[in-house]
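Structure assessment
Residue strings, one per chain:
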Amino acid sequence: MGYSDILPKYVSATGGEVYDELAQADIERAYARAIGDARNQYTLGYAPKAGIGGYRQIEVRVRRPDVKVYAKDGYYPLPTAR
């Protein structure tokens, strides 16, 4: 039905990673790596000023060397409540 490649596309768009191991030892290593990654993450958030709708681009910068940044390219804001 055309959905066979949806996971890699979703992973790429969200900064994730696909683990496709099948053997128990490989699964355990992948799980340990995922847990290690989750323990060393930060979640950033902000409240933008109200303004014109439309796509808003995001750029995240860090000053530490050897740090990977996974972030969306941007977002569409939710409509404001009236």
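Structure first, text after, so check above.
This section reports on the structure supplied with the text. No experiment lies behind these values; they were computed from the predicted model shown. (Residues numbered from 1 in each chain as written. Predicted model: local features only at pLDDT ≥ 70, side-chain atom pairs only at ≥ 80, totals over all residues. Heavy atoms only, no water.)

Observations concerning the overall build of the chain
Helix and strand content of the chain: two helices and two strands. N-terminal to C-terminal, the α/β element order of the chain is α-α-β-β. Counting all 82 residues of the chain, 6% fall into the buried class. Relative to all contacts within the chain whose residues are 6 or more apart in sequence, the contacts with residues 24 or more apart total 10%. In the structure as shown, the chain presents an accessible area of about 8,300 Å², 54% of it carried by carbon and sulfur atoms. (Helix = DSSP H or I, 4+ residues; strand = E, 2+ residues; numbered from the N terminus. Buried < 20%, exposed > 50% of the residue type's maximum accessible area, 1.4 Å probe, protein only. Contact = heavy atoms within 4.5 Å. Areas by Shrake-Rupley, 256 points an atom, 1.4 Å probe, with all protein chains shown as cover.)

Digging into the environment of Y75
Here Y75 lies in strand β2 (residues 74–75). By relative accessible area, which is 17% here, Y75 ends up buried. Along the sequence, Y75 and Y55 sit 20 residues apart, while their C-alpha atoms lie 5.6 Å from each other. The residues contacting Y75, other than those within four sequence positions of it, are Y46, P48, G54, Y55, R56 and I58.

Re the pattern of salt bridges
Inspection of the entire model under this criterion finds two salt bridges. Put simply, R29 and D26 hold a salt bridge, and the shortest N to O gap is 2.4 Å. Residue R29 and its partner D26 are both found in helix α2 (residues 24–39); the two are separated by three residues, about one turn of the helix. You can call R29 exposed: its relative accessible area is 53%. Of the residues examined, D26 reaches a relative accessible area of 28% and is grouped as partly exposed. (Salt bridge = Lys/Arg side-chain N within 4 Å of Asp/Glu carboxyl O.)

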